[in-house]
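One-letter residues, chain by chain:
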Amino acid sequence: MRVLKAGGMSNEAIAEAIGISEPTLSKHFLSDLEVGAAKVRADILMARYRSALGGNVSAQNKMLETAGAAQARDKRAPAAPKLGKKEQQALAAKNVGSKFSPPAPPKLVVSNT
């Protein structure tokens, strides 16, 4: 069941595949459905890690790729906070521009030399 959930199957499809109703599946296998995909992924990562330690070069390369992707995810910049309606309207009003809007004022350049 964990493998089916990790493979992306819906609860309805899993219940149909094993020949029970969806409510019965949820009643008896709720914990497997909730954390099954994570457990399968952890098992696969541990198997790859053991292969890498055993000298499997492709497993070692894949572990390095996985570690690099995890570090890249951790270094992402935090998302900007969402603006409320009033803030969005104020920003839109500030940035209004069309061919009929007044031109931007000229930039003043002052030289102190």
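Structure's up top.
A. Structural detail: the overall build of the protein chain. Summing up its helical and strand segments, the protein chain has five helices and zero strands in all. Starting at the N terminus, the α and β elements of the protein chain follow one another as α-α-α-α-α. In terms of overall dimensions, the protein chain is more spread out than a globule: its C-alpha atoms have a radius of gyration of 28 Å, far above the 13 Å expected for 113 residues. The C-alpha extent of the protein chain, read off along each of the three principal axes, is 75 × 45 × 20 Å. In the protein chain, which comprises 113 residues, the share counted as buried stands at 7%. Within the protein chain, contacts between residues separated by at least 24 positions form 30% of all contacts whose residues are at least 6 apart in sequence. Looking at charge distribution, the protein chain has the averaged site of its 17 positive side-chain charges lying 13 Å from that of its 9 negative ones.

B. How the structure looks around the packing of helix α2 (residues 11–18) against helix α3 (residues 22–53). Running from amino to carboxyl end, α2 crosses α3 at an angle of 110°, the nearest separation of the two axes being 10 Å. In terms of orientation, α2 lies roughly perpendicular with respect to α3. Of the residues in α3, those touching α2 at Asn11, Glu12, Ile14, Ala15 and Ile18 are Glu22, Leu25 and Leu33. Taken together, the residues that form the contact of α2 with α3 break down as five nonpolar, one polar and two charged.

C. Quick look at the pattern of salt bridges. Applying the stated criterion across every chain yields a total of two salt bridges. Linking arginine 2 and aspartate 32 is a salt bridge whose minimum nitrogen-to-oxygen distance equals 3.4 Å. Note that arginine 2 is positioned in helix α1 (residues 2–6) and aspartate 32 in helix α3, a separation of 30 residues in sequence. Two residues, glutamate 65 and lysine 62, come together in a salt bridge whose shortest N-O distance is 3.6 Å. Taken together, the residues span about one helical turn, with glutamate 65 and lysine 62 both in helix α4 (residues 57–74) at a distance of three residues. The class of lysine 62 is partly exposed, set by a relative accessible area of 37%.

D. Focus on α3. The largest bend along α3 reaches roughly 90° and is located at phenylalanine 29. When we look at burial in α3, the residues that qualify are Leu25, Leu33, Gly36, Val40 and Ala52.

Rules used throughout
- Residues numbered from 1 in each chain as written.
- Predicted model: local features only at pLDDT ≥ 70, side-chain atom pairs only at ≥ 80, totals over all residues.
- Heavy atoms only, no water.
- Helix = DSSP H or I, 4+ residues; strand = E, 2+ residues; numbered from the N terminus.
- Rg over C-alpha atoms; globule rule 2.2 N^0.38 Å.
- Buried < 20%, exposed > 50% of the residue type's maximum accessible area, 1.4 Å probe, protein only.
- Contact = heavy atoms within 4.5 Å.
- Lys, Arg positive; Asp, Glu negative; His and termini not counted.
- Charge placed at Lys NZ, Arg CZ, Asp CG, Glu CD.
- Axes fitted to C-alpha atoms, helices over the stretch in contact; angles between N-to-C directions.
- Parallel < 35°, antiparallel > 145°, perpendicular 65-115°, else oblique.
- Nonpolar A, V, L, I, M, F, W, Y, C, P; charged D, E, K, R; others polar.
- Salt bridge = Lys/Arg side-chain N within 4 Å of Asp/Glu carboxyl O.
- Bend = angle between axes of the 7 residues up to and from the residue.

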